[in-house]
Amino acid sequence: MKVDKQFFGGDKITAVVAVRKGSQRIPNKNIIPFGSSNLLEMKLELLKKVSNIDEIIVNSDCDEMLAIGEKYGCLTHKREKYFASSKVNNSDFHNHIAATTDTDYIFLAPVCSPFVSVESHEKAIDMFLNSNHDSLTSVDVIKNHLWMNGKPLNYDLNNIPNSQNLPNVERLNYGISIISKKSMLKNRSLIGDNPRFYKLDQFESVDVDTPFDFFIAEQIYEKYYKNL
């Protein structure tokens with residue numbers, strides 16, 4: 001069921017598309033050719049179809065990416081050099097996004113998650129608004145034998161289970177992240193004091209971070225999404 005935000009006081013939800021020109025693993029990752037356009041344009045086209053987002057802001061240090069945002073009728077914010085650098089940690093970056101966004105709720109929408117559907121965006125927002133949680137973040141389930149510091153993390157070496165019988169370890173994939181501005185400022189994070197998690201399937205959980213990820217995403221797009 002769609003939430004009537006007027007009934008709940010008309011709280012504003014702003015999708016922030018944070019992109020920078022200094023991508024290190026894949027230079028110009030956000031605007032090099034991908035699919036029928038590029039990752040940034042694909043994300044903006046999708047967000048424009050999400051009915052329960054009130055506004056979209058492209059936050060970037062790159063004039064070309066800001067111009068793309070303007071082409072799609074989005075608001076823009078020119079990010080300071082430090083907050084677009086590899087020196088800034090996630091806590092400072094998230095604090096920057098919250099401090100520079102005039103809204104009630106922030107939906108941080110990464111272009112590196114190209115396959116999250118309009119339906120999942122809308123369902124996640126409705127789920128968040130119908131709850132008492134102050135944040136919602138997407139996850140996927142890992143079913144692998146995991147080790148850390150020379151020891152297994154999620155199973156006993158004396159009784160090794162089949163992978164399908166391992167406990168569900170939920171990985172934050174950040175394809176969807178919704179949080180109140182108040183909580184984001186307080187915690188300097190996308191995770192609030194009372195978080196909720198939203199499961200995405202394997203396709204929607206794809207995160208384009210490395211050249212290999214980019215290659216896999218291109219194959220998925222060509223086979224499953226090109227003609228949608």
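Look up: the structure comes first, before these words.
Residues numbered from 1 in each chain as written. Predicted model: local features only at pLDDT ≥ 70, side-chain atom pairs only at ≥ 80, totals over all residues. Heavy atoms only, no water.

Engineer: Hey, could you run me through a nonpolar patch on the surface in this one?
Structural biologist: A cluster of nonpolar side chains, namely Trp147, Leu157 and Ile160, defines an oily patch on the protein surface of about 320 Å² accessible area. Its location among the elements puts isoleucine 160 in the loop between strand S7 (151-152) and strand S8 (169-180). (Patch = residues over 30% accessible without salt bridge, like charges linked within 9 Å, V, L, I, M, F, W, Y side chains within 5 Å. Areas by Shrake-Rupley, 256 points an atom, 1.4 Å probe, with all protein chains shown as cover. Salt bridge = Lys/Arg side-chain N within 4 Å of Asp/Glu carboxyl O. Helix = DSSP H or I, 4+ residues; strand = E, 2+ residues; numbered from the N terminus.)

Engineer: Can you walk me through the packing of helix H1 (residues 39-47) against helix H2 (residues 63-71) in this structure?
Structural biologist: Axes are the key here: two packed helices are described by the angle between their axes and the distance separating the axes. For the pair H1 and H2, interaxial distance at closest approach is 10 Å and the crossing angle is 25°. When the axes of H1 and H2 are compared, the pair comes out roughly parallel. Considering how the two elements wind past one another, H1 and H2 form a crossing that is right-handed. Between H1, through Leu40, Glu41 and Leu44, and H2, the contact on the second element is made entirely by Met65, Ile68, Gly69 and Lys71. (Axes fitted to C-alpha atoms, helices over the stretch in contact; angles between N-to-C directions. Parallel < 35°, antiparallel > 145°, perpendicular 65-115°, else oblique. Left-handed = near helix turned anticlockwise from the far one by under 90°. Contact = heavy atoms within 4.5 Å.)

Engineer: Would you explain the nonpolar core in this entry?
Structural biologist: Ranked by internal contacts, the top residues of the largest apolar core, which has 45 residues, are Val17, Leu40, Leu44 and Ile176. Within the residue set of this core, elements represented by two or more residues are strand S1 (13-18), H1, strand S2 (55-60), H2, strand S4 (105-108), helix H4 (118-129), S8 and helix H6 (211-225). In terms of residue count, H1 provides more of this core than any other element does, six residues in total. With near-sequence residues (within four places) excluded, leucine 44 lies in contact with Val17, Ile56, Val58, Ile68, Gly69, Tyr72 and Cys74. Counting residues in each nonpolar core, the second largest holds 11 residues, with Val88, Ile106, Leu108 and Leu190 among its members. (Core = buried A, V, L, I, M, F, W, Y, C linked by side-chain atoms within 4.5 Å. Buried < 20%, exposed > 50% of the residue type's maximum accessible area, 1.4 Å probe, protein only.)

Engineer: Explain the packing of aromatic side chains here, please?
Structural biologist: Each aromatic ring pair is characterised by the separation of its centres together with the angle its planes make. All chains considered together, the criterion is met by six aromatic pairs. When the ring of phenylalanine 34 is compared with that of tyrosine 221, the centres are 5.8 Å apart and the planes differ by 55°; the resulting orientation is tilted. With phenylalanine 34 in the loop between S1 and H1 and tyrosine 221 in helix H6, this pair connects stretches of sequence that are 187 residues apart. Neither phenylalanine 34 nor tyrosine 221 differs from the other in exposure class; each is buried. (Phe/Tyr/Trp six-rings, centres within 6.5 Å; stacked < 30°, edge-to-face > 60°.)

Engineer: Where do I start with the sheet that holds S1 in this structure?
Structural biologist: The strands making up a sheet associate through hydrogen bonds between their backbones, and the pairing can be parallel or antiparallel. If you walk across this open sheet you meet the seven strands as S3-S2-S1-S4-S8-S5-S9, and the pairing is mixed. Two strands in the sheet have a free side with no partner beyond their single neighbour: strand S3 (75-78) and strand S9 (195-199). Sheet twist, expressed as the mean angle between neighbouring strand axes with direction ignored, is 30°. In terms of strand pairing, S1 meets S4 through four bridges, oriented parallel. Across the sheet, the residue bridging to valine 16 is leucine 108, located in S4. H2 rests against S2 and S3 of the sheet, and its axis sits at about 165° to S3. Packed onto the sheet, helix H3 (residues 90-99) meets S1, S2, S3 and S4 and runs at close to 130° relative to S4. (Pairing = 2+ DSSP bridges.)

Engineer: So what exactly am I meant to see when it comes to the pattern of salt bridges here?
Structural biologist: Side-chain pairs of opposite charge can arise whenever the charged atoms involved come near each other. All told, the structure shown has nine salt bridges when counted by the stated rule. The partner of lysine 78 in a salt bridge is aspartate 63, with the nearest N and O atoms 3.0 Å apart. Taken together, the residues span a long stretch of sequence, with lysine 78 in strand S3 and aspartate 63 in helix H2 at a distance of 15 residues. For lysine 78, a relative accessible area of 46% translates into the label partly exposed. The class of aspartate 63 is exposed, set by a relative accessible area of 54%. A salt bridge links aspartate 193 to lysine 186, with the nearest nitrogen and oxygen atoms 3.1 Å apart.

Engineer: What exactly am I supposed to notice about the side chain of histidine 121 here?
Structural biologist: Here histidine 121 shows up in helix H4. What makes histidine 121 buried here is its relative accessible area of 0%. Looking at histidine 121, its side chain comes within polar contact range of the main-chain oxygen of serine 117, at 2.7 Å. Not counting residues within four places of it along the chain, the set of residues in contact with histidine 121 comprises Lys43, Leu46, Leu47, Val50, Phe107, Val116 and Ile176. (Polar contact = N/O pair within 3.5 Å; in protein donor to acceptor, adjacent residues only side chain to side chain.)

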